[in-house]
Amino acid sequence: MTNLRSDNVILVVLDGLNYSVAHHCMGYLNGLIEADSATLYKMECELPSMSRPLYECILTGVSPVKSGIVNNEVVRLSHFDSIFSLARLAGKTTAAAAYYWVSCITVRHSLPLEIVSPMINS
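Analysis parameters
- Residues numbered from 1 in each chain as written.
- Predicted model: local features only at pLDDT ≥ 70, side-chain atom pairs only at ≥ 80, totals over all residues.
- Heavy atoms only, no water.
- Helix = DSSP H or I, 4+ residues; strand = E, 2+ residues; numbered from the N terminus.
- Contact = heavy atoms within 4.5 Å.
- Salt bridge = Lys/Arg side-chain N within 4 Å of Asp/Glu carboxyl O.
- Buried < 20%, exposed > 50% of the residue type's maximum accessible area, 1.4 Å probe, protein only.
- Patch = residues over 30% accessible without salt bridge, like charges linked within 9 Å, V, L, I, M, F, W, Y side chains within 5 Å.
- Areas by Shrake-Rupley, 256 points an atom, 1.4 Å probe, with all protein chains shown as cover.
- Disulfide = S-S within 2.5 Å.
- pLDDT = per-residue confidence, 0-100.

(A) Up close: the side chain of Ser 67. Looking at the element boundaries, Ser 67 is found in helix H4 (residues 64-67). In this structure, Ser 67 is in contact with Glu 56, Val 62, Arg 76 and Phe 80, ignoring residues within four places of it in sequence.

If you want it as structure tokens, here you go:
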């Protein structure tokens, strides 16, 4: 395993995964926690408990009511700074392997953006 510098952050968000199931079944991540190389946080869900509003909430810290992203059909650029934009402002490099909604949160403040096409085996 590559040694990560102490200022590196990897945020793993598993949409729809129950905390107790995650805690019980995520062997590798639990091993990192036991080795003091990772931390597990139990999150309280904002309402509505839908994917798009909660991605906005997790990455910006802004509740769905304040952000206006109140259901999965609201797909627009975020109006708020995100963990990605703040990291970029601090001179950090960011990346995401995520559903396209995440780009709606990050693109506004994180340009330049490098689009990487998925590799598809024919």
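(B) Region of the structure containing the pattern of salt bridges. Taken as a whole and judged by the stated rule, the model has 1 salt bridge. When the shortest N-O distance is used, the salt bridge between Glu 56 and Arg 52 registers 3.3 Å. Of this pair, Glu 56 and Arg 52 both sit in helix H3 (residues 51-60), 4 residues apart, roughly one helical turn. Here Glu 56 and Arg 52 have matching classes, each one buried.

(C) Examining a nonpolar patch on the surface more closely. Together, Ile 10, Val 12, Leu 14, Leu 17 and Val 21 line one region of the surface with nonpolar side chains, adding up to about 430 Å² of accessible area. Residue placement: Leu 17 occurs in the segment before helix H1 (19-25). The class for Leu 17 is partly exposed, based on a relative accessible area of 34%.

(D) Broad picture of the state of the cysteines. With the rule as written, the count across this model stands at 0 disulfides. Take Cys 45: it sits in no disulfide, and the sulfur closest to it among the cysteines is that of Cys 57, at 8.3 Å.

(E) Representation of the confidence of the model for the protein chain within the structure. Looking at the protein chain, the pLDDT average stands at 80 and 78% of residues meet or exceed 70. Here helix H6 (residues 101-110) stands out as the least confident element of the protein chain, with mean pLDDT 62; H4 is the most confident, with 95. Low confidence marks residues 109-113, where pLDDT is under 50. Its contacts with residues over four positions away, or in another chain, come to 9 contacts.

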